[in-house]
Amino acid sequence: MTDDSPIPLARPVMGAAEEAAVLEVLRSRRLSLGPRVPEFEAAFAGWLGAGHASAVSSGTAGLHLALRAVGVSDGDEVVTSPFSFVASANVIVYERARPVFADIDPVTLNLDPHAAAAALTDRTSALLPVHIFGYPADLPAFERLGRPIVEDACEALGAVHSDGTRVGARGHPAVFGFYANKQLTTGEGGMVTLGDPALKERIDSERNQGRAPDMDWLDHDRLGFNYRLSDLACGLGLAQLARLDDMLASRVRVADAYRAALANIEGLDLPCADAGGNRRGWFVFVVQLPRGVDREATVRTLAARGIQSKPYLPAIHLMSFYRERFGHREGEFPVCEDVAARSLALPFFPELSDAEVERVAGALRGALESA
Ligand SMILES: Cc1ncc(COP(=O)(O)O)c(C=O)c1O
């Protein structure tokens, strides 16, 4: 008998502490704009080693506000990675600026600093590197390019740069996401970390309809949005933060187990190992299938064994909206396109057991051998 019980792609860790934290907020009747928001911000900034933090309703909302905060506006260009979740490019379009894609590094899968340098023009008002799959982007190289930076750290909680600073603690606005598959979740939510208190003030105002902290309700001195995170979500976030170190350690264990179980499969590329003192904050375990393998058939074979998997991620410039709006086509970013065509996310979450990892690895090995 084979075990075909379902193994999902992701599953958040939730326990009595989270239930108690949410209940406490419910019972307090302070569901929004209450004390949990600054508490969560301070605790998150403290854990990360960042100067300041602003809680927002999603990673996307945080990226939007961070771009506005560094001054991106109409007609500007922002150099970014085509190998990311679509939100990191969409937020540039929100501000009527142009996402200028540059190819990625074939090992780290992050925006290649040389390609980014070659894409700069007089109109480049910011760089938006993405720490994809939690691997630290080469921030020192981007900093040398001398433009404002917004970091998409939505997938990178727990990642550490080679100099020992955590991703998100270098002072540039950096944005984390708390969707349910993330290292820390509030259901939906996000956090902008940053060093400049003036930028925090602007972000805090714009997330709250353009209201300054000392203003009356319904008084607004700038354009704003409703990008607030509720006290319920912040209470949940505080409970998650208390167990974050354990959850990150469990993710490292699962990644190590996958690495051992998937060793020596001809043509299969695993996530790059940590190098040069950089440390990945494990978010997903994405493999690149051997060239020529039918990825959809592999997904179906795994699904027949109860194992969820997903092509992850598609190249942004080849999505229909980006093709139509900006005229993109195949062949522009060959490294990204090759990786996007082969990448497959496997089940990955802290409570995945070694036996489940073995099951996934065995099923993938079997699928590839019969391909
Ligand atoms: C790289 C990246 N950027 C941005 C986002 C957007 O975050 P959210 O879904 O919280 O808006 C995500 C989340 O999936 C992401 O993975």
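Note: the structure precedes this text.
Residues numbered from 1 in each chain as written. Predicted model: local features only at pLDDT ≥ 70, side-chain atom pairs only at ≥ 80, totals over all residues. Heavy atoms only, no water.

*Asks:* Teacher, can you tell me more about the overall build of the chain here?
*Replies:* Broken down by element type, the chain carries 13 helices and 10 strands. Here the C-alpha radius of gyration of the chain, 21 Å, is about what a compact globule of 371 residues would show, namely 21 Å. Taken over the C-alpha atoms alone, the chain extends approximately 65 × 55 × 40 Å along its principal axes. Here the chain holds 371 residues, and 55% of them are scored as buried. Summarising the internal contacts of the chain: among those between residues at least 6 apart in sequence, 68% fall at separations of at least 24. For the chain, the accessible area works out to roughly 15500 Å², and carbon and sulfur atoms hold 52% of it. (Helix = DSSP H or I, 4+ residues; strand = E, 2+ residues; numbered from the N terminus. Rg over C-alpha atoms; globule rule 2.2 N^0.38 Å. Buried < 20%, exposed > 50% of the residue type's maximum accessible area, 1.4 Å probe, protein only. Contact = heavy atoms within 4.5 Å. Areas by Shrake-Rupley, 256 points an atom, 1.4 Å probe, with all protein chains shown as cover.)

*Asks:* Help me out: how do you make sense of the sheet that holds strand β1 (residues 52-56) in this one?
*Replies:* Backbone hydrogen bonds hold the strands of a sheet together, and the pairing may be parallel or antiparallel. On the basis of which strands lie adjacent, the open sheet formed by four strands has the order β1-β7-β6-β5 and mixed pairing. The sheet is open, and its two edges are formed by β1 and β5 (151-152), each paired on a single side. (Pairing = 2+ DSSP bridges.)

*Asks:* Help me out: how do you make sense of a negative patch on the surface in this one?
*Replies:* Judged by side-chain charge, Glu-201, Asp-214, Asp-216, Asp-219 and Asp-221 come together as a negatively charged surface patch. Since its relative accessible area comes to 52%, Glu-201 is described here as exposed. (Patch = residues over 30% accessible without salt bridge, like charges linked within 9 Å, V, L, I, M, F, W, Y side chains within 5 Å. Salt bridge = Lys/Arg side-chain N within 4 Å of Asp/Glu carboxyl O. Lys, Arg positive; Asp, Glu negative; His and termini not counted. Charge placed at Lys NZ, Arg CZ, Asp CG, Glu CD.)

*Asks:* Even after reading the chapter, I still don't get the pairing of strand β3 (residues 98-101), so can you show me in this structure?
*Replies:* In regular strands, side chains alternate between the two faces of the sheet. With four bridges connecting them, strand β2 (residues 77-80) and β3 associate as parallel partners. Bridge pairing links Val-78 to Pro-99 in β3. With respect to chirality, the unit in which β2 leads through helix α4 (residues 87-94) into the neighbouring parallel β3 is right-handed. (Right-handed = clockwise from strand over helix to strand, strands pointing away.)

*Asks:* What am I meant to see in the environment of Arg-170 here?
*Replies:* Relative to the elements of secondary structure, Arg-170 occurs in the loop between β5 and β6 (174-177). Arg-170 sits in the partly exposed class, given a relative accessible area of 23%. With near-sequence residues (within four places) excluded, Arg-170 lies in contact with Leu-139, Pro-140, Glu-143, Glu-151, His-161, Asp-163 and Thr-165. There is a polar contact of 2.8 Å between the side chain of Arg-170 and the side chain of Glu-143. (Polar contact = N/O pair within 3.5 Å; in protein donor to acceptor, adjacent residues only side chain to side chain.)

*Asks:* In this structure, what is going on with the side chain of Arg-342? I would like to understand it.
*Replies:* Looking at the secondary structure, you find Arg-342 in helix α12 (residues 334-342). Here Gln-288 takes part through its side chain, which lies 3.1 Å from a polar atom of the side chain of Arg-342. Apart from the residues lying within four places of it in its own chain, the contact partners of Arg-342 are Gly-267, Asp-269, Val-287, Gln-288, Leu-289, Pro-290, Arg-291 and Arg-295.

*Asks:* Just to check I follow, could you spell out the pattern of salt bridges for this structure?
*Replies:* Side chains bearing opposite charge may pair, as long as their charged atoms lie close to each other. All told, the structure shown has 21 salt bridges when counted by the stated rule. With its nearest N and O atoms 3.3 Å apart, the salt bridge here joins Arg-342 to Asp-269. Of this pair, Arg-342 sits in helix α12 while Asp-269 sits in the loop between α9 (244-261) and β8 (285-288); the two residues are 73 residues apart in sequence, bridging distant segments of the chain. Residue class for Arg-342 comes out buried when judged on its relative accessible area of 8%.

*Asks:* It is not clear to me how unusual backbone geometry should be interpreted in this structure. Could you clarify?
*Replies:* Outside of glycine, negative phi angles account for most residues, and trans bonds account for most peptide bonds. Residue Leu-313 follows Tyr-312 across a cis peptide bond; omega there is 10°. Note that Leu-313 resides in the loop between β9 (310-311) and α11 (320-326). One non-glycine residue, Phe-133, adopts positive backbone phi at about 55°. Position of Phe-133 among the secondary structure elements: in the loop between β4 (124-128) and α6 (139-143).

*Asks:* I keep staring at the environment of Met-14 and nothing clicks. Help me out?
*Replies:* Relative to the elements of secondary structure, Met-14 occurs in the segment before α1 (16-28). By relative accessible area, Met-14 is classed as partly exposed at 43%. Sequence-wise, Met-14 and Val-70 are 56 residues apart; in three dimensions their C-alpha atoms are separated by 36 Å.

*Asks:* Looking at this structure, how should I read the nonpolar core?
*Replies:* Grouped together as the largest cluster of nonpolar side chains are 48 residues, with contacts concentrated most on Phe-83, Leu-128, Phe-133 and Tyr-312. Those elements that place two or more of their residues in this core are α3 (59-69), α4, β4, β7 (190-194), α7 (197-206), α11 and α12. Look past the residues within four positions of Phe-133 in its chain and what remains in contact with it is Phe-83, Leu-109, Glu-155, Arg-280, Gly-281, Phe-283, Val-284, Val-286, Tyr-312 and Leu-313. The next biggest cluster of nonpolar side chains, apart from the first, holds 27 residues, and it includes Ala-261, Trp-282, Leu-289 and Leu-302. (Core = buried A, V, L, I, M, F, W, Y, C linked by side-chain atoms within 4.5 Å.)

*Asks:* Please clarify how the site of the ligand should be interpreted in this entry.
*Replies:* The environment of the ligand is formed by 13 residues, the closest being Gly-59, Thr-60, Asp-152, Glu-155 and Lys-182. Lys-182 is positioned such that a nitrogen or oxygen atom in its side chain is 2.9 Å from an oxygen atom of the ligand. Starting from 390 Å² of accessible surface for the ligand in isolation, the protein chains cover 92%. Ranked by residue count, the leading element in the shell around the ligand is α3, at three residues. Among the residues making up the shell around the ligand, the classes are represented as five nonpolar, five polar and three charged. (Near = heavy atom within 4 Å. Nonpolar A, V, L, I, M, F, W, Y, C, P; charged D, E, K, R; others polar.)

*Asks:* Would you explain the sheet that holds β8 in this entry?
*Replies:* Strand order in the open sheet formed by three strands is β8-β10-β9, with antiparallel pairing between adjacent strands. The open sheet has two free edges, formed respectively by β8 and β9, since each of these has just one partner strand. Pairing analysis gives four bridges linking β8 to strand β10 (residues 343-346), with the strands arranged antiparallel. Across the sheet, Phe-285 pairs through a bridge with Leu-346, a residue of β10.

*Asks:* Where do I start with α3 in this structure?
*Replies:* Within an α-helix, residues lying three or four positions from one another point in the same direction, as the helix has 3.6 residues per turn. For α3, the buried fraction is high: 10 of the 11 residues fall into the buried class. For α3, the full list of buried residues reads Gly-59, Ala-61, Gly-62, Leu-63, His-64, Leu-65, Ala-66, Leu-67, Arg-68 and Ala-69. The backbone nitrogen of Thr-60 has a side-chain oxygen 3.3 Å away, supplied by the residue at the start of α3, namely Ser-58. Downstream of α3 by a residue or two, Gly-71 has a phi angle that is positive, lying close to 100°.

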